[in-house]
Amino acid sequence: MNQQRIQIVQNILSANDAIADQNRQLLNKAGLFSINLMASPGAGKTSLIEQTVKNLCQDYRILVIDGDIATTFDADRAMAAGATAIQINTGGDCHLDAVMLNKALVQADLNQFDLLIVENVGNLVCPASFALGTFHNVLVASVPEGHDKPHKYPAMYRGVDCVLLNKIDLLPYVEFDVDFFRKGLEALNPNVELLMVSCRSGEGLENWFHWLRKKIGEFRTQNMV
Amino acid sequence: MHELAITQNVLNIVLDHAGKAQATKISKIYLVIGELSSIVDESVQFYWEIIAKDTLAEQAELVFRRISASFECSDCHTVYQLDGNAVYCPACGSSRVKILSGEEFYIEAIDVET
Ligand SMILES: Nc1nc2c(ncn2[C@@H]2O[C@H](COP(=O)(O)OP(=O)(O)OP(=O)(O)O)[C@@H](O)[C@H]2O)c(=O)[nH]1
Ligand SMILES: [Mg+2]
Ligand SMILES: [Zn+2]
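I will try to describe carefully the structure that is included in this document. Sequence positions are assigned chain by chain, starting from 1 and proceeding in written order. Here chains are named by letter from A upward and ligands by number from 1 upward, in the order in which they appear as written. This being a predicted model, a pLDDT of at least 70 is required before a residue's local features are given, and a value of 80 or more before pairs of side-chain atoms are given or counted; all residues contribute to the totals for chains, interfaces and linings. The side-chain numbers reported here are obtained from all heavy atoms of the structure, hydrogens and water having been left aside.

### Comments concerning the packing of helix 2 (residues 45–56) of chain A against helix 8 (residues 205–224) of chain A
Residue and element names in this part refer to chain A. Close contact between helix 2 and helix 8 brings their axes to 11 Å; oriented N to C, the two are set at 70 degrees. When the interaxial angle is binned, helix 2 and helix 8 end up roughly perpendicular. For the pair helix 2 and helix 8, the sense of crossing is right-handed. Of the residues in helix 8, those in contact with Leu48, Gln51, Thr52, Asn55 and Leu56 of helix 2 are Leu205, Trp208, Phe209, Leu212 and Arg213. Counted by class, the contact of helix 2 with helix 8 contains 6 nonpolar, 3 polar and 1 charged residues. To define axes, lines are fitted to C-alpha atoms, for helices over the stretch in contact only, and angles between the resulting N-to-C directions are given on a 0 to 180 degree scale. The way it works is that DSSP assigns letters per residue, a run of H or I at least four long becomes a helix, a run of E at least two long becomes a strand, and they are numbered from the N terminus. Angle categories are assigned with fixed cut-offs, so that under 35 degrees is roughly parallel, over 145 is roughly antiparallel, 65 to 115 is roughly perpendicular, and the rest are oblique. In this scheme the crossing of two helices becomes right-handed for a clockwise turn of the near helix relative to the far one and left-handed for an anticlockwise turn of less than a right angle. Residue contacts are defined here by distance: any two heavy atoms, one from each residue, within 4.5 Å place the two residues in contact. Residue type decides the class: Asp, Glu, Lys and Arg count as charged, Ala, Val, Leu, Ile, Met, Phe, Trp, Tyr, Cys and Pro as nonpolar, and the leftover types, Gly among them, as polar.

Quick look at the structure:
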């Protein structure tokens, strides 16, 4: 019997990352701009999708893929707002992974759409580890969750391109120090875009629509060359 | 709760490498996990006993090397650890900081018998 040490140095989720790369290629080939929308449960992901679909569906053909542990409520809401929607039930998993998204992508005719919004499972921990292959990662934070969340969930806040602070209509009623929140976010993620919105009153949403339009434009330019 | 998926990935990777080396048994697995990658050692160990059963890695010991999250302030150059505090610089309050470590998340090596 021989004892031997084998050096590996391989990322634990390298298999997921490889599938995420395939997803990225599929989406690029179809010219489909995509975002992975993450948040804690109830932060307002579906509300944001409803608002986004209502506002942008004149200009873009929108596909929503909804990850949920169970039920089709969120996919139904996205459809009612005017999007095409596919539901993925994760069967207990607390996050979407690249394989689950891949299965949904191959079901759809991706060429028929301009904007893909993936609603991840409500959770601030697990989705941060699993790349999906979307063009951007977006986080919906919300006022009632508290201003300490970037400090407590650094991995999630670090890995995103845009953070929406939703439910700002509740700021007068909740103790929420916007500066403390912003400083935590800046420390972890200096180049991130922070947008203050309310899906209830509509305040600030035009900045989000503007961000999306701009990013879709950038994607198209990049994808043409 | 993503520890099951993580554990499954660890198992796939080590079995792949052990297979290539024609090992008969995997005795140790060295994992390097930064504090910013949230996974719970005990849960991985718990799932391991279930999913590694009847494989070369059934009796493998999982050795976790934990790396603390460490930051450096770009303004006053203080180096600090998170220690459950706010993420910005504790000395001058700046949020212009660099992350020095804490994001590691990989399998470093395995010990096998051939
Ligand atoms: N006051 C206020 N309530 C909001 C706002 N946006 C969403 N809500 C409410 O917050 C609750 C949760 O919203 P959803 O959009 O379902 O949240 P979600 O993140 O999709 O939730 P899950 O998918 O279950 O994780 C609903 O009752 C919404 O009406 C807002 O800007 N202000
Ligand atoms: Mg939802
Ligand atoms: Zn400092």
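Here the narrative resumes.
### Quick look at the coordination of the magnesium ion (ligand 2)
All names here are of chain A. Around the magnesium ion (ligand 2), the protein contributes the donor atoms Thr46 (OG1), Asp74 (OD) and Glu119 (OE), at 2.0 to 2.1 Å from the metal centre. Ligating atoms shown are N, O and S within 2.8 Å of the metal, or 3.2 Å for Na, K and Ca, and water is not included, meaning a site may look less than complete. Between the donor residues of the magnesium ion (ligand 2), the gaps in sequence give the motif T-x27-D-x44-E. Here Asp74, found in helix 3 (residues 73–81), pairs with Glu119, found in strand 5 (residues 115–119); they are 45 residues apart in sequence, far enough to count as distant. You'll find Asp74 and Glu119 in the same group, each marked buried. Only protein chains enter the accessibility calculation, which uses a 1.4 Å probe; a residue is then buried when its area is under 20% of its type maximum, exposed when over 50%, and partly exposed in between.

### Focus on the site of ligand 1
All names here are of chain A. Contacts to ligand 1 come from 18 residues, most closely from Lys45, Thr46, Ser47, Asp169 and Cys199. A 3.5 Å cut-off defines polar contacts: any pair of N or O atoms within that distance qualifies, except that in protein one atom must be a possible hydrogen donor and the other a possible acceptor, and neighbouring residues in sequence count only when both atoms are side-chain atoms. Between ligand 1 and Asp74 there is a distance of 3.0 Å, counted from an oxygen atom to a side-chain nitrogen or oxygen. Relative to its unbound accessible surface of 660 Å², ligand 1 loses 74% to contact with the protein. Mapped by element, the contributors of at least two residues to the shell around ligand 1 are helix 2 and helix 3. With 3 residues, helix 2 is the largest single contributor of residues to the shell around ligand 1. Here the residues of the shell around ligand 1 are counted per class, giving 4 nonpolar, 7 polar and 7 charged. Throughout this document, a residue counts as near a molecule or strand when at least one of its heavy atoms sits within 4 Å of that molecule or strand. Computed with the Shrake-Rupley method and a 1.4 Å probe, the accessible areas treat only the protein chains shown as cover for residues.

### Details of the interface of chain A and chain B
At the interface, 31 residues of chain A touch 35 residues of chain B. Two parts placed together each lose some accessible area; with a 1.4 Å probe, that loss summed over both constitutes the buried area. Carbon and sulfur atoms make up 61% of the surface buried where chain A meets chain B, a total of about 3100 Å² over both sides. For chain A, the biggest contributors to the area lost against chain B are Ile6, Ile8 and Ile12 of chain A; these three give 22% of the whole. What makes a salt bridge here is a side-chain nitrogen of Lys or Arg within 4 Å of a carboxyl oxygen of Asp or Glu, nothing more. Our count for the chain A to chain B interface comes out at 2 salt bridges.

### Topic: the sheet that holds strand 5 of chain A
All names here are of chain A. When DSSP finds two or more bridges between two strands, those strands count as paired. If you walk across this open sheet you meet the 7 strands as 4-3-5-2-6-7-8, and the pairing is parallel. One side of each edge strand has no neighbouring strand; the edge strands of this open sheet are strand 4 (84–89) and strand 8 (193–196). Ignoring which end each strand starts from, the neighbouring axes of this sheet average 20 degrees apart. Bridge analysis of strand 2 (residues 33–39) against strand 5 gives 5 bridges, and the strand direction is parallel. Bridge pairing in strand 5 links Leu37 to Glu119. Running at roughly 140 degrees to strand 2, helix 8 makes contact with strand 2, strand 5, strand 6 (136–142), strand 7 (162–166) and strand 8 of the sheet.

### What to know about the coordination of the zinc ion (ligand 3)
Within the protein, the atoms that donate to the zinc ion (ligand 3) are Cys73 of chain B (SG), Cys76 of chain B (SG), Cys89 of chain B (SG) and Cys92 of chain B (SG), at distances of 2.3 to 2.4 Å. Sequence spacing of the donor residues for the zinc ion (ligand 3), all on one chain, is C-x2-C-x12-C-x2-C.

### Some thoughts on a negative patch on the surface
Two joining distances apply to patches: 9 Å for like charges and 5 Å for nonpolar side chains (Val, Leu, Ile, Met, Phe, Trp, Tyr), and every residue must have over 30% relative accessible area and no salt bridge. When charges are counted, Lys and Arg are positive and Asp and Glu negative, with His and the chain ends excluded. We put the charge of a Lys on NZ, of an Arg on CZ, of an Asp on CG and of a Glu on CD. Residues Glu175, Asp177, Asp179 and Glu186 of chain A make up a contiguous surface patch of negative charge. By the secondary structure assignment, Asp179 of chain A is in helix 7 (residues 178–188).

### Some remarks on the environment of Phe181 of chain A
As for its placement among the helices and strands, Phe181 of chain A is situated in helix 7. Beyond its immediate stretch of four places on either side in the chain, Phe181 of chain A contacts Ala141, His147, Pro150, Tyr157, Val163, Leu165, Phe176 and Leu194 of chain A.

### Topic: the packing of aromatic side chains
Working definition: rings of Phe, Tyr and Trp (its six-membered ring) pair if their centres are within 6.5 Å, and the pair is stacked with planes under 30 degrees apart, edge-to-face with planes over 60 apart, and tilted otherwise. Taken as a whole and judged by the stated rule, the model has 9 aromatic pairs over all chains. Relative to Phe219 of chain A, the ring of Phe33 of chain A lies with its centre 5.8 Å away and its plane at 70 degrees, an arrangement referred to as edge-to-face. Of this pair, Phe33 of chain A sits in strand 2 while Phe219 of chain A sits in helix 8, placing them 186 residues apart in sequence. Of the two residues, Phe33 of chain A and Phe219 of chain A, neither departs from the other in class, the shared state being buried. One aromatic cluster is present, built from ring pairs that chain together Phe33, Phe135 and Phe219 of chain A. Whether a charge lies above a ring is judged from NZ of Lys or CZ of Arg, which has to be within 6 Å of the ring centre and within 35 degrees of the ring normal. Geometry around Tyr88 of chain B places Lys183 of chain A over its ring, the cationic atom sitting 4.1 Å from the centre.

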